[in-house]
Each structure stands twice: as structure tokens, then as C-alpha cells.
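Structural features, examined
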Amino acid sequence: MANTYDFDIGILGAGAAGLTVAAGAAQLGAKTLLVEKEKELGGDCLHYGCVPSKTLIKTAHVYHLIKNAHKFGLPRVEPLPVNFRDVAGRIRSVIGRIQKHDSEERFCNLGVRVEFGESSFKDEHTVELNGKRYSAKNWVLSTGSSPAVPPFSGLDRTPYLTNREIFSLDTLPVSMIVLGAGPIAVEMAQAFRRLGAQVHVVQRSGQILSKEDKDMADVVMNVLAEEGVIFHLNADVAHIADLGYAREVEIESKDGKKETLRAETILVAMGRRSNIEGLGLDTIGVEFDNKGIKVDNRLRTSQKHIYAAGDVIGAYQFTHAAGYEGGIIVTNAVFHLPRKTDYTFLPWCTYAKPELASIGLNEKTAQKAGIEYSVYTEAFSDNDRSLAEGSDLGKAKLLLDSSEKPIGVQLLGLHAGELVNEWVAVTNGKTKLSTLAGAVHPYPTLGEINKRLAANYFSGKIFSDKVKKALKFLFHFKGRACGTDRP
Ligand SMILES: Cc1cc2nc3c(=O)[nH]c(=O)nc-3n(C[C@H](O)[C@H](O)[C@H](O)COP(=O)(O)OP(=O)(O)OC[C@H]3O[C@@H](n4cnc5c(N)ncnc54)[C@H](O)[C@@H]3O)c2cc1C
């Protein structure tokens, strides 16, 4: 049947998910409409998320290195205080360079019609935007997420920051109370502390980065604590007040002890909520819950011609997950080939120093899923390059299931976010552990830790008493030349 709609595919939201669908669909010849609410394409990752945060982290790291020059055999340096306007300027310039890749012009050249403004569904195939109606055979909802702001008493009457404001401040806050201890909170707490702010972190549970294994997350916390971040774990926010000259947060510990914290500013980093308001989802019967828009494993909503991807579905809120989901939608909606999502080996990383990267299951999730596993570890202190770089912190953990297949890897240490990529290839490519363990890695590199981690699994088997006995029997080896021999 002929398609009588204005467009083959319409996309609401031009972040990682929406841009992936738009580029893929248009290049495959589908007439594509891309609608963005803000003035520029790129979404949260580019403007208020990954890009500004990683740029800030790098600046903070350089400042930290300067202050610690003496630890590298250099003269002690006491740098001038940070001018945050300059830091924000660098952030803007990095965003600007990447923005070119996500420009309206580039997408227009790919064949995408780009429109800006707020839209809402009028019927299951039509949205209204700036007084005009646009219909499409298929729609994609990729409107992302916003900071979740809990209804803490007094917060609505107190100025606070979120990821929308924090990268464009005029001055470095003297002090900051960070509410939450997830990846964004932890990354920002360390960066602002390193730049010179006094930082408190308030966390309801007894662990930061609560999705990670405690042994790994605790190392990150201890590093931040040594750098001066003050943690308040197992603490609930009781009340928040604006004193004019400062903000006040009253916290209450599990055992009822109250404490009052004061700081120049508050950063709210307590998770995300999906951007679904105003879309008219009720009108068109697209189901959602408090996590986000509900989708099946082909990313179809309850209206099968409407797809949803990225943060708005509330599953894995990462840019690479949004991009992956965008690709799944292109396969389903444009190629009409059924393709399902599979998050088994979706990696992620918290870019604190040290970085904490993960792929697959960790001990927490394996236990929750009732999966039997064994753990192999390798310390960064045994990696020559890590020591040369000035870091002996962290470890790598490999989880094998009962059939001795890798089910997850966590890396905590220098450049862990880069190191995990080898495990992306190993796990997705179903490469044998023996291949990784036997492959030559250049010396001295951090990557050798991956080889050693895989080799640890085999070393117990190769250097066993049984093998030794067999070799002794076959070749009449005489055993140890130093210390006591074992039978
Ligand atoms: C501080 C911070 C740091 C982060 N760091 C990382 C990181 O290091 N690595 C990582 O993988 N992830 C990181 N993330 C998460 C990452 O930014 C998101 O997962 C990613 O942006 C999700 O992409 P998306 O396309 O779903 O949504 P978005 O990128 O948010 O794009 C959604 C777009 O939809 C638009 N929109 C909203 N409503 C409408 C509407 N009604 N009509 C039209 N358009 C609309 C929005 O303006 C936006 O442009 C970080 C997030 C934050 C906040």
C-alpha cells in the first residue's frame, strides 16, 4: 500500500539516539524528519553531559598533576587559583568543535529535514510543531532525560545546580554539596575538589557507585577522600535551606544523628527522569511508567509503528547505548528486519581517577541472577606501565561462569575505559580466553593487564602439581634449585 504520510520516518529528539536513526534512515533513502526542541542538535551528551564532563575532568586532572609535580621528581609548584571562566571557555570550545559533526547542515546534506521546536502528537502518525502538522509512517521517540530532582523539603526554595548549569559557571564555587553518588556525582565531586572547591557528597546508601561491586567502588571513594572529598554515607537529606550567603543541607544518618552542612552551592545528581512531558503520549496510547517509555526487545512501543530509544526508555542511560538502540531501530523500521536488543556485553565507565570500567556481570549482578561464578584478579601494581605512570592503584576482575566462559570484567585503574575495549572485542567476538592470554601485547603497556588477567585463569592449571609431576615423570626433571622442593 502506498505511503501517504509526509515522511517515512519522523524522529523527536536529536541526541545520540535520534541522530543515529536520522543519519542511518536518510542515507538508506527514507524521507526523514528530525525535530529538536533546543536550538542545536547533539543532545545532552554534547551540551550538558559526556563532552563537557570529560573536558572538565581533564582540566582538573592537569591542575592536580601540576600540584603533585613533586611526586614525579619535579620541583614543587603552587599554581594560581582556577579561573572557572577559562575552564568553561575550554569546555565551550570542545563542544563547538564536536558540534560541527552534529550540525543541521551536515544532517541536511545527508538528506534529513531538520526542524526546531516543541512538538506533540495529534494522532498516532501526526505531530504538531510551530503551528504546522507533520505526519510520518514511523516515529521514533528519542527525547532523552533530565536531572531527577527529589522533593526534598526546602529544595524548591533554594537555588541549586544540575548538569545543565555546572559547566558554564562564571566562578569556581568555594564549596559544594553534591547530592547523590552515582557516576555523574562522583566525577563532578572529584573534578571540583581537584580544581580547589571544598566538596561534600551525601549518599543515602552505604556505598558510592551503587551498581558496582563494593570492593571496586570503595577504592574510588578512598581516592576521592584522600584528595579531600568528604563523604556522608547512609545519610538522608532531612531539609534544605537557602541562607542567602550560603546553602544549608541538614542530613540524618540511619541511626538518627543529624548534621548540618553548609556550602556555596548544591549540585543535584540523583538520577534521571525521562523527557515525556508534553509529547501527548496519553493521546496516542504509548505506554510509559516512572522509568520511561515502555518498549519491547525490538524497541517498539505499545504502538508498534512508534519506536523509542536512548535515555527516554530508562534502561541503560549511556550515549553508546543510545547509539546502539538507534541502530536497532534503523534495522527494524527501515530494513524491516527483526533485530532485538542484547545488552549482555554493554560496557560502561565512570571517569573518575582511577577510572572504573565494566562489561557484563559483576559479582553483585551475578549473585542477584543466581549465577555461579569464579573470580580471577590482577593488580595494577603488578603492571610496569602503571607504575611508570605514577599509579599503583586498582585491579582487574574477570568473572567466569561454571562452564568457565567469561561473563564479566571490571577494570579499576589508569585508563580503564580504554582497557575495557579489548574485552568488548573478546566478549562480543566470542574470542577464547586462551587467544587473549597467548596473544603478544606490546611492553610496557597498560593493556598487558588484560592478557595477564586471562592468563591467570590458565596459570593455575598449567603450573599445577599434576602437570609438574607428569613432566618430572616424562623428562626426569630434578625440581627446585632454590628453597624447599615440594613432592
Ligand atoms: C553529566 C553527564 C555526564 C555523562 N557522561 C556520560 C559518559 O561519559 N558516557 C556515556 O555514555 N554517557 C554519559 N552520560 C549520559 C548521556 O549523556 C546520555 O545517555 C545520552 O545523552 C542519551 O542520549 P539520548 O539520545 O537518549 O538523549 P539526549 O542526548 O538527551 O538527546 C535528547 C534530545 O531530545 C531533545 N528533546 C527533548 N524533548 C523533546 C521534544 N519534546 N521534542 C523534540 N526534542 C526534544 C533534547 O533537547 C535533546 O537534544 C552523561 C550524562 C550526564 C548528565
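Please refer to the structure placed before this passage.
Now for a quick tour of the structure. Values in this document were obtained by computation on a predicted structure and should not be read as measured data.

Overview of the overall build of the protein
Along the protein, the regular secondary structure elements total 15 helices and 21 strands. For the protein, the C-alpha radius of gyration of 26 Å lies close to 23 Å, the compact-globule estimate for 487 residues. Dimensions along the principal axes, computed over C-alpha positions, put the protein at roughly 90 × 65 × 45 Å. The buried share among the 487 residues of the protein stands at 49%. For the protein, contacts bridging at least 24 residues in sequence account for 62% of all contacts bridging at least 6. Surface summary for the protein: the accessible area is close to 24,300 Å², and the carbon and sulfur share equals 53%. One way to put it: in the protein the 59 positive side-chain charges average out to a point 5 Å from where the 57 negative ones average out.

Some remarks on the sheet that holds strand 8 (residues 175-179)
Strand order in the open sheet made by the four strands is 10-9-8-14, with parallel pairing throughout. For this open sheet the edge positions go to strand 10 (230-232) and strand 14 (265-268), each flanked by a neighbour on one side alone. The average angle at which neighbouring strand axes cross in this sheet is 20°, direction not considered. Judged from the four bridges that link them, strand 8 and strand 14 form a sheet pairing that is parallel. If you follow Ile177 over to strand 14, its bridge partner there is Ile266. In this fold helix 6 (residues 183-195) packs onto strand 8, strand 9 (198-202) and strand 14, with an angle of close to 160° to the strand it touches most, strand 9.

A word on the pattern of salt bridges
All told, the structure shown has 23 salt bridges when counted by the stated rule. Note that Glu38 is salt-bridged to Arg164, the shortest N-O span being 2.9 Å. Here Glu38 is found in the loop between strand 2 (32-36) and helix 2 (43-48), whereas its partner Arg164 is found in the loop between strand 7 (145-147) and strand 8, with 126 residues between them in sequence. The exposure class assigned to Arg164 is partly exposed, which follows from its relative accessible area of 33%. Residues Lys54 and Glu187 are paired through a salt bridge, measuring 2.8 Å at the closest nitrogen-oxygen approach. Here Lys54, found in helix 3 (residues 50-67), pairs with Glu187, found in helix 6; they are 133 residues apart in sequence, far enough to count as distant.

Some points on the packing of aromatic side chains
Scanning the model with the defined rule gives nine aromatic pairs in all. Relative to Tyr343, the ring of Tyr324 has its centre 6.0 Å away and its plane inclined at 70°; by these criteria the two rings are edge-to-face. Of this pair, Tyr324 sits in helix 9 (residues 319-334) while Tyr343 is found in the loop between helix 9 and strand 17 (348-350), placing the two residues 19 residues apart along the sequence. Since its relative accessible area comes to 24%, Tyr324 is described here as partly exposed. Aromatic rings pair up to connect Tyr316, Tyr324 and Tyr343 into one cluster. Here the basic side chain of Arg164 rests over the ring of Tyr48, its NZ or CZ set 3.9 Å away from the ring centre.

Comments concerning the packing of helix 1 (residues 16-27) against helix 9
Relative orientation of the contacting elements helix 1 and helix 9 amounts to 35°, with a least axis distance of 7 Å. The element helix 1 and its partner helix 9 pack so that their crossing is right-handed. From helix 1, Ala16, Ala17, Thr20, Val21, Gly24 and Ala25 reach across to helix 9, where they touch Thr319, Ala322, Gly323, Gly326, Gly327, Ile329, Val330 and Val334. Residue composition of the contact of helix 1 with helix 9, by class: eight nonpolar, six polar and no charged.

Here we look at the layout of surface pockets
Looking at the second largest pocket, its volume works out to about 1,000 Å³. The wall of the second largest pocket is formed by 28 residues, among which His61, Arg194, Lys353, Ser391 and Leu414 lie closest to the centre. Secondary structure elements with two or more residues in the lining of the second largest pocket: helix 3, helix 7 (214-226) and helix 12 (416-428). Looking at the lining of the second largest pocket, the element that brings in the most residues is helix 3, giving six residues. Of the residues in the lining of the second largest pocket, the class split is eight nonpolar, nine polar and eleven charged.

Quick word on unusual backbone geometry
At the junction of Lys353 and Pro354, the peptide bond is cis and its omega measures out at 5° in the coordinates. Secondary-structure assignment places Pro354 in the loop between strand 17 and strand 18 (355-360). A cis amide bond links Tyr443 with the next residue in sequence, Pro444, at an omega value of -10°. As for its position among the elements, Pro444 is in the loop between helix 13 (433-438) and helix 14 (448-462). A positive phi angle, close to 60°, is found at His476, a residue other than glycine.

With respect to the environment of Leu195
Mapped onto the secondary structure, Leu195 falls in helix 6. Separated by 210 residues in sequence, Leu195 and Lys405 have C-alpha atoms that sit 43 Å apart. When neighbours within four sequence positions are excluded, Leu195 is seen to be in contact with Leu56, Thr59, Ala60, Tyr63, Val82, Phe84 and Leu172.

Here is what the cut-offs are and how they apply
- Along each chain, numbering runs from 1 in the same order as the chain's sequence is written.
- Selection of residues for local features in this predicted model requires a pLDDT of at least 70, selection of side-chain atom pairs for listing and counting requires 80 or more, and totals for whole chains, interfaces and linings are taken over all residues.
- Side-chain figures throughout are based on the complete set of non-hydrogen atoms in the structure, without hydrogens or water.
- Numbered from the N terminus, helices here are DSSP runs of H or I no shorter than four residues, and strands are runs of E no shorter than two.
- Atoms counted for the radius of gyration: C-alpha only. Globule rule: 2.2 Å times residue count to the power 0.38.
- Each residue is assigned to one of three classes by its accessible area relative to the maximum for its type, calculated with a 1.4 Å probe on protein chains only: buried under 20%, partly exposed between the two thresholds, exposed over 50%.
- Here, residues are in contact when the closest pair of their heavy atoms is within 4.5 Å.
- Only the protein chains shown count as covering a residue, and every accessible area follows the Shrake-Rupley method with a 1.4 Å probe.
- Charged-residue counts in this description rest on Lys and Arg as positive and Asp and Glu as negative, His and the chain ends being excluded.
- One atom stands in for each charge, and that atom is NZ of Lys, CZ of Arg, CG of Asp or CD of Glu.
- Any two strands are treated as partners once DSSP identifies two or more bridges connecting them.
- Angles shown run from 0 to 180 degrees and are taken between the N-to-C directions of axes, each axis being a line fitted to C-alpha atoms and, for helices, limited to the stretch in contact.
- Each salt bridge in this description consists of a side-chain nitrogen of Lys or Arg and a carboxyl oxygen of Asp or Glu lying within 4 Å of one another.
- Any Phe, Tyr or Trp ring, taking Trp's six-membered ring, that has another such ring centre within 6.5 Å forms a pair; planes under 30 degrees apart are called stacked, those over 60 apart edge-to-face, and the others tilted.
- The rule for a charge over a ring is simple: NZ of Lys or CZ of Arg within 6 Å of the ring centre, and within 35 degrees of the ring normal.
- It is the rotation of the near helix from the far one that decides the hand of a crossing: anticlockwise by less than a right angle makes it left-handed, clockwise makes it right-handed.
- Amino acid classes used here: Ala, Val, Leu, Ile, Met, Phe, Trp, Tyr, Cys and Pro are nonpolar; Asp, Glu, Lys and Arg are charged; the rest, including Gly, are polar.
- Space inside and on the surface of the protein is sampled on a 1 Å grid over the protein atoms alone, with a cavity defined as a set of points where a 1.4 Å probe fits but cannot get out and a pocket as an open set with protein on both sides within 12 Å along at least 5 of 7 lines; lining residues have an atom within 4 Å of a point.
- Grid points are joined across faces, edges and corners, and a volume is the space filled by probe spheres set on the points.

Read these as geometric descriptors, not functional statements.
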